[in-house]
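What follows is the residue order along each chain.
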Amino acid sequence: NAADARSSAPRIAFIGNGVFIAAWDQTDQTLNQRLSLHASSFNGQSWLPTVPLDSGNGNGNGAGGVSLAGNGQGKAVAVWARIEGGSVSLWSAGFDSSGWRAPLQVIGPTNLGIRAGPAVAIDASGRSWVAWTLTGGATQAVEYSELDDRSNQWTQPVRLSTGAMQPTPPAL
């Protein structure tokens, strides 16, 4: 029921030729407060039907905190946090003329803390990068990964900073 859904945290990106994409968090009040991620695209004349990028299963599990980037050459990438059983992992999905691709895991959960606040960038050739914060206990860091075009997998994370202070979410 659309009346029971609450949308928040919208992001929008230009991908070229008058085309825009948008992504946002959505909470369904009737499904155990399920937090999910949805997207739509504007084809230059009208907004196309909404598609789910990640559908949480309720019970405290879900997806949100989307970051979105477009390259002006017809491609985009979205990155978000997925919460499952109290653990947080980061996921992504690419967009091109054929629509949204299946989600890829950027990085899985860790016992070092919580990964959150992803920021994503994409260049003209479609190469993508993501940075995020890792906070928990003595671990306070900003980490980074790049999408390997050959394997279509995210590289192992590289720690960009460490310190005693809690880092703010990065921006790319």
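First, a word on what this report is: a plain description of the structure on this page. (Residues numbered from 1 in each chain as written. Predicted model: local features only at pLDDT ≥ 70, side-chain atom pairs only at ≥ 80, totals over all residues. Heavy atoms only, no water.)

### What to know about the overall build of the chain
Part 1: Counting its regular elements, the chain contains zero helices and 14 strands.
Part 2: Along the chain direction, N to C, the helices and strands of the chain fall in the order β-β-β-β-β-β-β-β-β-β-β-β-β-β.
Part 3: Here the chain holds 172 residues, and the buried ones make up 45% of them.
Part 4: By element, 51% of the accessible surface of the chain is carried by carbon and sulfur atoms, the whole surface being about 8800 Å². (Helix = DSSP H or I, 4+ residues; strand = E, 2+ residues; numbered from the N terminus. Buried < 20%, exposed > 50% of the residue type's maximum accessible area, 1.4 Å probe, protein only. Areas by Shrake-Rupley, 256 points an atom, 1.4 Å probe, with all protein chains shown as cover.)

### Points about the environment of Gly137
Part 1: Its place among the elements puts Gly137 in the loop between strand S11 (128-136) and strand S12 (139-148).
Part 2: Gly137 sits 23 residues away from Ile114 along the chain, and the two C-alpha atoms are 9.9 Å apart.

### Considerations on the pairing of strand S10 (residues 114-122)
In summary, the side chains of a regular strand alternate between the two faces of the sheet.
Part 1: Judged from the seven bridges that link them, S10 and S11 form a sheet pairing that is antiparallel. When the bridges of S11 are listed, Ile114 appears paired with Thr135.
Part 2: Hairpin connection from S10 to S11: five residues lie between these consecutive antiparallel strands, with Gly126 at a positive phi of about 100 degrees. (Pairing = 2+ DSSP bridges.)

### Some words on the environment of Leu112
Part 1: With respect to the helices and strands, the residue Leu112 is situated in the loop between strand S9 (104-107) and S10.
Part 2: The class for Leu112 is partly exposed, based on a relative accessible area of 41%.
Part 3: Apart from residues no more than four positions distant in its own chain, Leu112 is found in contact with Leu134, Gly136, Thr139 and Arg159. (Contact = heavy atoms within 4.5 Å.)

### Considering the pattern of salt bridges
Part 1: Taken as a whole and judged by the stated rule, the model has five salt bridges.
Part 2: Ionic pairing is found between Arg127 and Glu146, a salt bridge with its closest N-O pair at 2.7 Å. With Arg127 in the loop between S10 and S11 and Glu146 in strand S12, the pair connects residues that are 19 residues apart, well separated along the chain.
Part 3: Close ionic contact of Arg159 with Glu143 constitutes a salt bridge, the shortest N to O distance being 3.0 Å. (Salt bridge = Lys/Arg side-chain N within 4 Å of Asp/Glu carboxyl O.)

### As for the packing of aromatic side chains
Part 1: Under the defined criterion, the tally for this structure stands at three aromatic pairs.
Part 2: Summarising the aromatic geometry, the rings of Phe42 and Trp47 are spaced 5.4 Å apart at their centres and angled 55 degrees between planes, so their arrangement reads as tilted.
Part 3: With relative accessibility at 45%, the residue Trp47 sits in the partly exposed group.
Part 4: Against the face of Trp91 rests Arg82, its NZ or CZ located 3.8 Å from the ring centre. (Phe/Tyr/Trp six-rings, centres within 6.5 Å; stacked < 30°, edge-to-face > 60°. Lys NZ or Arg CZ within 6 Å of the ring centre and 35° of its normal.)

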